[in-house]
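Listed here are the chains, written in short residue letters.
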Amino acid sequence: MTNTGEASMSTNRLIRAHTYAAFGGLLLSALFGLLVSIKFDAPEFLGSHAWETWGRLRYDHTQGILYGWLGNAFIAFLYYAVPRLTQRNITSSRLGWLLFWTWNLVAVLGGWSLVLAGSSQPLEWAEFPLGIAAVIELALLLLIIQFGVAFWKCGKAELYVAGWYLLGGLTFTTLAYPVGNLLPHLLPGAMGAAFSGLWIHDAVGIFVTPFATAIAYFVIPAVTRKPIYSHFYSMIGFWLLFLVYPLNGIHHYIYSALPMSAQHASEVASIYQGVDVILVVTNLLLSIAIAGGSVWLRDIPLRFVWTSVVLYLAVSIQGSVQAVMAFNSFIHFTDWVIGHSHLAMIGFASFAAMGALSHIWQSIPGVRMSRRLLAWSYWFIVVGLGLMVIDLTAAGLVQASLWREHTLWIESVRASQPFWIFRSLDGGLLIIGFMMFAASFFIGELTSPVVTARISPNVASCAPQLRRTDRWISTAYGATFGAGLGFFVLSFVALGVMPALALHRLMTRTTPLQARLELTAQERRGQQIYARNGCAYCHTEQVRFTPADEWRFGSPTEAWETQGEYPQMWGTRRIGPDLAREAGRRSHDWQLVHLYNPRFVVPDSMMPSYAWLFDGSPEKPSDAARDLVAYLNTLGRAAMHAQNSERAREDEPAPGDALVRFAQGNLMEGRAVFEANCSGCHGGDGRGKTEGGRALRPVAFNLVDFRLSPDRVWQALQRGVPGSSMPSWSELSEDQLQAVATYVQTLSQTPPLPPDESYAPTPVLQAAGERVYLTHCARCHGIAGDGNGPDAKAYAPRPANFLQMEVSYRGAEDVIRHGVPGSGMPAWPLLTPQEIQAVTVYLRSFYAAKTGVGQSEPSHASTGSEEMP
Amino acid sequence: MIAWLIGIMTLILVLFIIWRARSSVFRERCEAPKFRFLEQLGISPRQEDNSENQPKLQGGTE
């Protein structure tokens, strides 16, 4: 056997190995994706162990697609294409096997395992931990050695465009990869985000796109047996791609704290990118069109490829539109973007990769291929992808519309659920398609080498008759390649270094003198847990400069606030609400209960449980859970301190017309709002005896045995109850607030005393109650019963204000006997029933005096009872 | 700055386009790799191809 033949066999073995590895990467990554999707519909699916947390599976899904599937498929294509493009062999088959095992055993399997074990970084398209990132960078360098030498030896003027794309992809990916992986660890918050943005786009634009486009430029002429329409315009498209793509990066952070000039630049570059893609796609489709015949329908690998080309156009135009600031303010963070990314990574990249692998496979001797099954897989994947993109696009539009309305966040989650269920079904269809695709390589007829396999690599030179005359074109191409490297560096400077320097100056100038930016050791540990479990992939940590964001979350995130973030976790998707202003919004125990089981306090939440951070109960958090909550309470802390002077006083009176508006509430709507938003803590009956309500500190308020005055209810709804888990519900519309406030009033059952005739509310009893009150209660609740006693300031929440609260005997007895866990109210077990009765009479007298409601009068729902079912 | 960058690279590419339009040699050489690619795959590019700038390599320049 000749050296050429041996080299060819050796290369074929490497192609087969990478193809099999690509199948493993595809199926496992898709399975991770399906599990992630199912967890949207059933958050407790597969239990709640640390390794199968939503965020970790989400990391493995995208990293697996990028490296396990596409990486292997592209490397297989390199082994096939480079010898044919350059007429030279690869550098070394031994190096090939080293690369194979490094890529798959260390990078992909090692990366997956470490992510599941909790070691990862919260950087989009760079989730594998830094050690694995170093291995991938090393592998990229090995790829250059393996294939770059062949390109280097081949004359530049003779190199076909597919070769240029492969060479560019290898070179620029190796340069760009460390930008997204390392720099965000070294630069804080906004400064790091500028570089993250570069890599987010470069992963697709500089790694995936060149290889997929190279496949199209290779497979189309190889199958049609006709040259492409224009090689010149293919080269124009190639250079535009590499010059413009890196400038797109920051369009992932539009309306953020990054310098507006950089945001505008990325917007312009994104539109320009769309123009380039129109040029590339037109050239490719014309290449198929001029070939004529029906080969584009008959040849299944070509069908995969031209589908990829068409979808490349669709996804690029979509991307350009998404980068336009006006549209971006509407659509960003929604499922529209997830639809876009699936269209890119499956529709464009994966279809190209599947076309390449199936095309290559036909030239590998002695393997099997079922064209029938391959054709079926095409349709399954096309239909599955089409349905998924339509579904996610529609979901995105719904979410975007709801986020602009002044409605609760959970409304968008509820509205998304049908779409998410449908997405899981689409995902199932896609996985079936992928399995059929992989299976088609193992069954069917044995292949025999086709024409393309007869070529003999390792020839002496590339067309010497052209080399002499085309030296000037070679020089021009070489200069352009150099210019491309220069522009890459410029993009790095223009969209990374310069914004970072500008941000540094801005931070220095705007950071308040006493801003608390440093995290404690505990908060740092919590930050790590947050990062490793993918929390930032559902909860952004940036309030954008848009009216909808400012209304919902508060003041926009400024650069100086982000100085403690290494790496930044701004996020690019919101499934749950933004957390950049979370500090102080919720109590520690609410956060703990919410982590243990989100549905204990937010009935319709689809957030997964983090019960593995607890010892069987929300009241037994592990140190990790406490650390995580400590970190959550740092989010927005610096800004909150800076704005402290502007914060409304907690005791500011409610709006004067609250009582009037109360009477207008619709009880049907009120009950619906209550059940949807309040019943998690207060229970459906309002007694606060739910599992979540009892786990809170203080425990959830009993709305049945205590009647709150309308202005107190209004105040609590508008501003929350400081020191408790009761948040502000100011996101509710005016009508909803009125309705739920009215409904809460109807829950109260504070019948007149006594349960026993002998303790009728008489002046004597009232006097006895006053004595008990002055002895045991007045120091906190105040002599006037207004919750402003001498010791009141020591407690949060503040002691009850009996001018705003009517107490029932049952409620008083319960509180006096057991206290209120988590508040300053202790148990008073030694008080007799008579004393409790007496003090209850006395407490009610405060409310009666304030509101004019007679103690002896039966207490009924104030209004609207005719609307109750 | 970004506008300048985009402007400069557009200008460079426009110069290439003008060069190609004015020079038949350049046009021919630019298109040559696509025919060579087919040859490397063992396919002979046919003269009746409808693609832009049909190969006239055997006949020299246009």
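The structure displayed is predicted, hence computed values, not measured ones. (Residues numbered from 1 in each chain as written. Chains lettered and ligands numbered in written order. Predicted model: local features only at pLDDT ≥ 70, side-chain atom pairs only at ≥ 80, totals over all residues. Heavy atoms only, no water.)

Chemist: Break down the overall build of chain B for me, with residues and values.
Modeler: Across its full length, chain B carries two helices and zero strands. A burial count over chain B gives 48% of its 62 residues as buried. For chain B, contacts bridging at least 24 residues in sequence account for 35% of all contacts bridging at least 6. (Helix = DSSP H or I, 4+ residues; strand = E, 2+ residues; numbered from the N terminus. Buried < 20%, exposed > 50% of the residue type's maximum accessible area, 1.4 Å probe, protein only. Contact = heavy atoms within 4.5 Å.)

Chemist: Account for the overall build of chain A, with residues named and values stated.
Modeler: Helices and strands together make up the secondary structure of chain A, namely 32 helices and four strands. Out of the 869 residues in chain A, the part that is buried amounts to 62%. Restricting to contacts in chain A with at least 6 residues of sequence separation, those with at least 24 account for 80%. If you sum the accessible surface of chain A, you get close to 31,900 Å²; carbon and sulfur atoms cover 62% of it. (Areas by Shrake-Rupley, 256 points an atom, 1.4 Å probe, with all protein chains shown as cover.)

Chemist: Tell me what's going on with the state of the cysteines, and back it up with residues and numbers.
Modeler: Residue and element names in this part refer to chain A. Tallied over the full model, the rule gives zero disulfides over all chains. Cysteine Cys678 is unpaired, with the sulfur of Cys681 as its nearest cysteine sulfur at 8.7 Å. Left unpaired, Cys780 is separated from the closest cysteine sulfur, that of Cys777, by 8.8 Å. (Disulfide = S-S within 2.5 Å.)

Chemist: Please give an account of the nonpolar core that cites residues and values.
Modeler: Residues and elements named next belong to chain A. If you look at the biggest cluster of nonpolar residues, it comprises 258 residues, and the most contacted ones within it are Trp69, Leu166 and Phe218. Among the elements that line this core, the one with the most residues is helix H7 (residues 189–224), at 24 residues. If near-sequence neighbours (up to four positions away) are discounted, Leu166 is found in contact with Phe77, Leu78, Ala81, Val82, Leu85, Phe151, Phe211 and Ala214. (Core = buried A, V, L, I, M, F, W, Y, C linked by side-chain atoms within 4.5 Å.)

Chemist: Any details on unusual backbone geometry? Residues and values, ideally.
Modeler: All names here are of chain A. With an omega dihedral of -10°, the bond running from Tyr566 to Pro567 counts as a cis peptide bond. As for its position among the elements, Pro567 is in the loop between helix H19 (547–553) and helix H20 (588–596). At Arg225, a residue that is not glycine, the phi angle is positive and equals roughly 60°. You can see Arg225 is positioned in the loop between H7 and helix H8 (231–244). Its identity as a non-glycine residue notwithstanding, Tyr255 has a phi of 65°, on the positive side. With respect to the secondary-structure elements, Tyr255 resides in the loop between H8 and helix H9 (260–291).

Chemist: Now, about the packing of helix H2 (residues 54–86) of chain A against helix H4 (residues 130–153) of chain A: what can you tell me, with residues and values included?
Modeler: Residues and elements named next belong to chain A. At a minimum axis distance of 9 Å, the contact between H2 and H4 shows a crossing angle of 15°. Overall, the two elements H2 and H4 adopt an arrangement that is roughly parallel. Two packed elements cross with a definite hand, and for H2 against H4 that hand is left-handed. Judged by residue contacts, Tyr67, Ile75, Leu78, Tyr79, Val82 and Thr86 of H2 engage Ile136, Leu143, Gln146, Phe147, Ala150 and Phe151 from H4. Looking at the contact of H2 with H4 residue by residue, the class counts come to ten nonpolar, two polar and no charged. (Axes fitted to C-alpha atoms, helices over the stretch in contact; angles between N-to-C directions. Parallel < 35°, antiparallel > 145°, perpendicular 65-115°, else oblique. Left-handed = near helix turned anticlockwise from the far one by under 90°. Nonpolar A, V, L, I, M, F, W, Y, C, P; charged D, E, K, R; others polar.)

Chemist: Account for a nonpolar patch on the surface, with residues named and values stated.
Modeler: Residue and element names in this part refer to chain A. A grouping of Trp379, Val383, Leu387, Ile421, Phe422 and Leu425 is seen on the molecular surface, where their side chains present a nonpolar patch of about 550 Å² in accessible area. Sorting the residues of the nonpolar patch by element identifies helix H14 (371–404) and helix H15 (409–439) as the ones contributing at least two each. As for its position among the elements, Phe422 is in helix H15. Relative accessible area serves as the criterion here: at 34%, Phe422 is assigned to the partly exposed category. (Patch = residues over 30% accessible without salt bridge, like charges linked within 9 Å, V, L, I, M, F, W, Y side chains within 5 Å. Salt bridge = Lys/Arg side-chain N within 4 Å of Asp/Glu carboxyl O.)

Chemist: Pulling in residues and values, what's your account of the pattern of salt bridges?
Modeler: Residue and element names in this part refer to chain A. Using the criterion set out here, one finds 19 salt bridges over all chains in the structure. When the shortest N-O distance is used, the salt bridge between Arg414 and Asp604 registers 2.3 Å. Of this pair, Arg414 sits in helix H15 while Asp604 sits in the loop between H20 and helix H21 (623–632), and the two are 190 residues apart along the sequence. For Arg844, the salt bridge goes to Glu806, with nearest N and O atoms at 3.2 Å. Linking Arg844 in helix H32 (residues 833–851) with Glu806 in strand E4 (residues 805–807), this pair joins segments that are 38 residues apart in sequence. In this structure Arg844 comes out as buried when scored by relative accessible area, which is 2%. Salt bridges sharing common partners tie together Asp685, Arg687, Asp705 and Arg810.

Chemist: Kindly report on the side chain of Gln527(A), identifying the contributing residues and their values.
Modeler: Residues and elements named next belong to chain A. Inspection of the secondary structure puts Gln527 in helix H18 (residues 521–532). Taking relative accessible area as the criterion, Gln527 reaches 6% and is therefore assigned buried. Discounting chain neighbours no more than four positions away, the residues touching Gln527 are Leu519, Gly564, Glu565, Tyr566, Met569 and Tyr631.

Chemist: Outline the environment of Ala531(A), supporting the account with residue identities and numerical values.
Modeler: Residue and element names in this part refer to chain A. Tracing the backbone through its elements, the reader meets Ala531 in helix H18. Owing to a relative accessible area of 9%, Ala531 belongs among the buried residues under this scheme. Between the C-alpha atom of Ala531 and that of Gly55, which follows or precedes it by 476 residues, the distance is 9.1 Å. Leave out the neighbours within four places in its chain, and Ala531 touches Tyr59, Ser120, Pro122 and Met569.

Chemist: An account of the packing of aromatic side chains is requested, with residue identities and associated values reported.
Modeler: All names here are of chain A. In this structure the tally under the stated criterion is 60 aromatic pairs over all chains. Between the aromatic rings of Phe238 and Trp239, the centroid separation amounts to 4.6 Å while the plane-to-plane angle is 65°, which identifies the pairing as edge-to-face. Both rings, one in Tyr253 and one in Trp570, keep their centres 5.5 Å apart while their planes meet at 85°; by these two values the pair is edge-to-face. Of this pair, Tyr253 sits in the loop between H8 and H9 while Trp570 sits in the loop between H19 and H20, and the two are 317 residues apart along the sequence. Trp570 gets classed as buried once you look at its relative accessible area, which sits at 0%. (Phe/Tyr/Trp six-rings, centres within 6.5 Å; stacked < 30°, edge-to-face > 60°.)

Chemist: Provide a residue-level description of helix H24 (residues 667–677) of chain A, including the pertinent values.
Modeler: What H24(A) keeps buried is the set Leu667(A), Gly670(A), Val673(A), Phe674(A), Ala676(A) and Asn677(A). Next to the buried residues of H24(A) lie H15, helix H25 (679–682) and helix H28 (734–747) of chain A.

Chemist: Summarise the packing of helix H29 (residues 763–776) of chain A against H32(A); cite the residues concerned and give the values.
Modeler: All names here are of chain A. Running from amino to carboxyl end, H29 crosses H32 at an angle of 95°, the nearest separation of the two axes being 7 Å. On the basis of the axis angle, H29 is roughly perpendicular to H32. Taken together, the residues of H32 that come into contact with H29 (itself represented by Leu765, Gln766, Ala768, Gly769, Glu770, Val772 and Tyr773) are Glu835, Gln837, Ala838, Val839, Val841, Tyr842, Leu843, Ser845 and Phe846. Of the residues contributing to the contact of H29 with H32, the split by class is ten nonpolar, four polar and two charged.

Chemist: Outline the environment of Val106(A), supporting the account with residue identities and numerical values.
Modeler: Residues and elements named next belong to chain A. With respect to the secondary-structure elements, Val106 resides in helix H3 (residues 93–116). Overall, the relative accessible area of 35% leaves Val106 in the partly exposed class. With residues near it in sequence (within four places) discarded, Val106 still touches Trp101, Gly111, Ile132 and Val135.

Chemist: Outline the confidence of the model for chain B, listing residues and values.
Modeler: With 68% of its residues at a pLDDT of at least 70, chain B reaches an overall mean of 72. When the criterion is pLDDT under 50, residues 55–62 of chain B qualifies, and its contacts beyond four places in sequence or with other chains add up to 15 contacts. (pLDDT = per-residue confidence, 0-100.)

Chemist: Outline the side chain of Ser424(A), listing residues and values.
Modeler: Within the element layout of this structure, Ser424(A) appears in helix H15. Apart from residues lying up to four places away in sequence, Ser424(A) is in contact with Leu34(A), Ser37(A), Ile38(A) and Asp41(A).

Chemist: Talk me through helix H31 (residues 809–818) of chain A; I want residue IDs and the actual numbers.
Modeler: Residues and elements named next belong to chain A. When H31 is considered as a whole, its buried residues turn out to be Tyr809, Gly811, Ala812, Val815 and Ile816. Projected down its long axis, H31 carries its buried residues within an arc of 165°, all on one side. Packed against the buried residues of H31 are strand E3 (706–708), E4 and H32. Within two residues after H31, Gly819 carries a phi angle of roughly 75°, on the positive side. (Arc of directions from axis to C-beta.)

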